[in-house]
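# Examination of the molecular architecture
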Amino acid sequence: MKQHDPAERLVVLTGAGISRESGLETFRDAGGLWNRHDIADVCTPQGFRRDPMLVSRFYNERRAELAHAEPNAAHRALATLEQAARDGRWNGELLIVTQNIDDLHERAGSRDVVHMHGELRRVRCLSCGATPEWLGDCLPDTPCPACHRPTLRPDIVWFGEVPLHMERIAAALAACDRFVTIGTSGTVYPAAGFVAEVRDHADTLDINLEAPATPTLFDRTLVGPATRMVPRWVA
Ligand code: BJW
């Protein structure tokens, strides 16, 4: 069978800003999550060991908020682009690498999505390694559905832990012709370093509500809300 050889290989890295207009908070913006929560308390393995109830409640609340959130025009525009590749209307290939733990890309219709910081709608068992889908509350004494031990944690990558799917991401970055970031502050590594990895072989574009405060490594920037800028860029 002839191998499909797309004319363009596109990697899109999304951050909390793409889901802001769906009603989900970002981290570092004014009024964002880190204004009300201490990162060391809720977003590190040490914080979870110290106070598993506090961390469980933090993620239970966010899981409940996610149940009421809907994908927006930016998520849908990316899903439409992937569909165009499947239908042969665009001779390209799109991989979405998201730092977000929400499932709004998938609910918009995207299929090729890599969650490098984990998923809110999963938990992970520290005893047996199962990662069952989880839609309701999960507390420190909740038993694992597979091994029945009360050793579940959010399936989230916290600071100091290794992000997921790094081999697949590295291969996609090495092969891409175009790299686009949407709604990320570019402050958390390794994602913040991707633009430096690709800029010698790929066109780079950053889409963000705010103009960059310092000189950036990107070839181009589009400033404005994701729901307006992403559909315009994809069109
Ligand atoms: C809009 C908008 C609209 C608003 N339209 N735009 C010193 C130097 C370098 C690195 C380190 C260091 N010390 C420690 C490290 C490593 C550390 C790190 O990077 N720390 C930095 C703080 C310095 N990183 C790690 O520990 C990572 N692991 C690691 O490095 O392992 C080593 C290793 C790597 C690779 C291979 C092998 C080994 C793990 C990082 C885990 C991050 N986890 C979190 C929590 C996830 C779960 C949760 O959601 O609770 O991930 S932290 C948080 O930040 C979350 C996000 O995914 C991540 C990035 O945030 P994001 O998405 O950029 O959001 P914001 O709020 O920062 O920005 C929003 C943007 O949107 C803004 O720019 C707005 O303007 C914009 N916006 N509305 C368009 N409508």
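Just so we're clear, the structure is a prediction, and the values are computed from it rather than from any experiment. (Residues numbered from 1 in each chain as written. Predicted model: local features only at pLDDT ≥ 70, side-chain atom pairs only at ≥ 80, totals over all residues.)

Moving on, we come to the overall build of the protein. Helix and strand counts for the protein come out as 10 helices and 8 strands. Against the 2.2 N^0.38 benchmark of 18 Å for 235 residues, the protein shows a C-alpha radius of gyration of 18 Å, consistent with a compact globule. Referenced to the eigenvectors of the C-alpha coordinate spread, the extents of the protein come out at roughly 50 × 50 × 30 Å. Long-range contacts, defined as pairs at least 24 residues apart, comprise 60% of the intrachain contacts of the protein with a sequence gap of at least 6. (Helix = DSSP H or I, 4+ residues; strand = E, 2+ residues; numbered from the N terminus. Rg over C-alpha atoms; globule rule 2.2 N^0.38 Å. Contact = placed C-beta atoms within 7 Å.)

Here the focus is the UniProt feature "binding site: Zn(2+)" (unreviewed entry) in the protein. UniProt's entry tags Cys125, Cys128, Cys144 and Cys147 with the feature "binding site: Zn(2+)" (unreviewed entry), counted in the numbering of this structure. Across 23 residues of sequence, these annotated residues stay compact in space, with a maximum C-alpha separation of 8.7 Å. When you line up the elements, Cys128 lands in the loop between strand E4 (118–125) and strand E5 (152–156). For Cys128, a count of 12 C-beta atoms within 10 Å puts it in the exposed group. Setting aside residues no more than four positions away along its own chain, Cys128 makes contact with Cys144, Ala146 and Cys147. Looking at the secondary structure, you find Cys147 in the loop between E4 and E5. For Cys147, the residues in contact, after removing those within four places along its chain, are Cys125, Ser127 and Cys128. (UniProt positions renumbered as here; feature names shortened; annotations may be inferred. Buried ≥ 20, exposed ≤ 12 C-beta atoms within 10 Å, placed from the backbone.)

This part covers the site of the ligand. The full set close to the ligand counts 35 residues, and Gly15, Gly17, Phe27, Gln99 and Ser185 are the nearest of them. Residue classes in the shell around the ligand are distributed as 17 nonpolar, 12 polar and 6 charged. Taken domain by domain, the shell around the ligand gets at least three of its residues from each of domain 1 (1–24 + 71–117 + 163–235) and domain 2 (26–68 + 121–156). (Near = placed C-beta within 6 Å. Nonpolar A, V, L, I, M, F, W, Y, C, P; charged D, E, K, R; others polar. Domains from an automatic or database assignment.)

What follows is about the UniProt feature "active site" (unreviewed entry) in the protein. UniProt feature "active site" (unreviewed entry): in the numbering of this structure it lies at His117. Mapped onto the fold, His117 is located in the loop between strand E3 (113–115) and E4. Excluding residues within four positions of it along the chain, His117 makes contact with Gln99, Ile101, Ile156, Val157 and Pro163.

Right, let's talk about the sheet that holds strand E8 (residues 220–223) for a bit. Overall, parallel pairing links the 6 strands, which are arranged E3-E2-E1-E6-E7-E8 in an open sheet. Of all strands in the sheet, those with a lone pairing partner are E3 and E8, marking the two edges. Between one strand axis and the next, the sheet turns through 20 degrees on average, direction left out of account. By the bridge criterion, 5 bridges tie strand E6 (residues 178–182) to strand E7 (residues 203–208) in an arrangement that is parallel. Among the inter-strand pairings, Phe179 is bridged to a residue of E7, identified as Thr204. (Pairing = 2+ DSSP bridges. Axes fitted to C-alpha atoms, helices over the stretch in contact; angles between N-to-C directions.)

The next thing to look at is helix H5 (residues 52–68). The end-to-end C-alpha separation of H5 is 25 Å, in line with the 24 Å expected for 17 residues at 1.5 Å each. On its buried side, H5 packs onto helix H3 (39–42), helix H4 (45–50), E4 and E5. (Expected span 1.5 Å × (residues − 1).)

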